[in-house]
Amino acid sequence: RAFAGATVHDIFNLLSVAILFPLEVISHYLYHLTNAMLPDSVGDGEKWEGPIKKIVSPFAGRVLKANKDVIKDIATGKVESCDAYYPVLCLDGIEDYKHCASKCDKDAGEEVGVDCGRVGLITCDKNTGCPAFFQNGANLHDDSISGGVCLVLSLFLLIVCLMGLVNVLQRGLAGMSTRIIYKATNVNGLIGIVIGAAITILVQSSSITTSVLTPFVGIGVIQLEQMFPLTLGANIGTTITGLLASMVSDNVDALQVALCHLFFNISGIVIWYPIPIMRRVPLRGARALGRATRRSRLLPPIYIIVVFFVIPLLLLGLSS
């Protein structure tokens, strides 16, 4: 029973891919649907500024701001290496955008060091000025060290925040989530989907939702049919993470991919849940896997290796 509860989520996803992937290849319905939902002011391939980036950028820009022109110029062959951007030069020694990062108009005969400054891997911002790690006269080694320091600091802060988040969830939400899920198993399936999505949005992980449900199924407290709508809701809730990440990106394609993830899961639910005969397909598949574990203890590790490693690698090889 426990293995059936653990795999019903996988069976649903695999069945959805088997139907929706060929449909997308033929009709591109997800592309057209999500493309119609993009902001009107943003064209294909253009940039946009998400709401989260609007909040984060002013603070991050005061610490370090990467010069994106370096990557673009090297990729297009405009310059051969980063050495062409050094040493950093600010006119009159004044560290602000106008004196350091404003570009020269070569058509007007402007020269670096006379009419405009020069920045390297770290640049200045028009609104916030030059960041804390910007230094007039810096060379490539100096900017590389600054970037390394910021990388270490950001990883440290990320780990601390993740540890704090996990600790808060374990102490404050795990027990509450368990009680809510236990009560939610006796409600209507559509309400169960909403509850599963809400809990997953709250804890930002569908794994927490399904890992709480699986032991209940294993000991027979709830049936697989009661768990199924909650896992479907968790599938929707987990797409919120992608949507939040897309709001930090400055590329509209990231938002479209996140929307595709959301509507893929919604499409799968529409196919496999409302109609009883369709709903029984993933349930029977999960139960068949559960019964197979009684005959062989090797099935779970074989299943994990085949589904999560062999098949993705084969598909990756075919696509390349």
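The structure under discussion appears in the preceding block.
Overview of the structure. Bear in mind the structure is a predicted one, so any value in this text is a computation, not a measurement.

## Notes on the environment of L20
For L20, the position within the fold is in helix 1 (residues 2-27). In this structure the C-alpha to C-alpha distance between L20 and L30, which are 10 residues apart in sequence, comes to 9.3 Å. Setting aside its immediate chain neighbours within four residues, L20 contacts Y29, F264, S267, G268 and I271.

## A few points about the packing of aromatic side chains
The geometry of an aromatic ring pair comes down to the distance between the two centres and the angle between the two planes. Inspection of every chain in the model, using the stated rule, returns four aromatic pairs. When the centroid spacing of 5.7 Å and the interplanar angle of 80° are considered together, the rings of F3 and Y303 count as edge-to-face. One end of the pair, F3, is in helix 1; the other, Y303, is in helix 13 (residues 299-319), with 300 residues separating them in the sequence. We note that F3, like Y303, is buried. Classification of Y303 as buried rests on a relative accessible area of 10%.

## Quick notes on the nonpolar core
Membership of the largest hydrophobic core comes to 21 residues, with the highest contact counts inside it found for V8, L224, M227, F228 and L232. Mapped onto this core, the elements with two or more residues apiece are helix 1, helix 7 (189-203), helix 8 (206-218), helix 9 (224-237), helix 11 (252-272) and helix 12 (276-295). Contacts of M227, omitting those with residues within four sequence positions, involve G5, V8, T210, L213, T214, V217 and I222. By size, the runner-up hydrophobic cluster in this structure holds 14 residues, among which are V79, C100, V119 and I122.

Calculation rules
- Residues numbered from 1 in each chain as written.
- Predicted model: local features only at pLDDT ≥ 70, side-chain atom pairs only at ≥ 80, totals over all residues.
- Heavy atoms only, no water.
- Helix = DSSP H or I, 4+ residues; strand = E, 2+ residues; numbered from the N terminus.
- Contact = heavy atoms within 4.5 Å.
- Phe/Tyr/Trp six-rings, centres within 6.5 Å; stacked < 30°, edge-to-face > 60°.
- Buried < 20%, exposed > 50% of the residue type's maximum accessible area, 1.4 Å probe, protein only.
- Core = buried A, V, L, I, M, F, W, Y, C linked by side-chain atoms within 4.5 Å.

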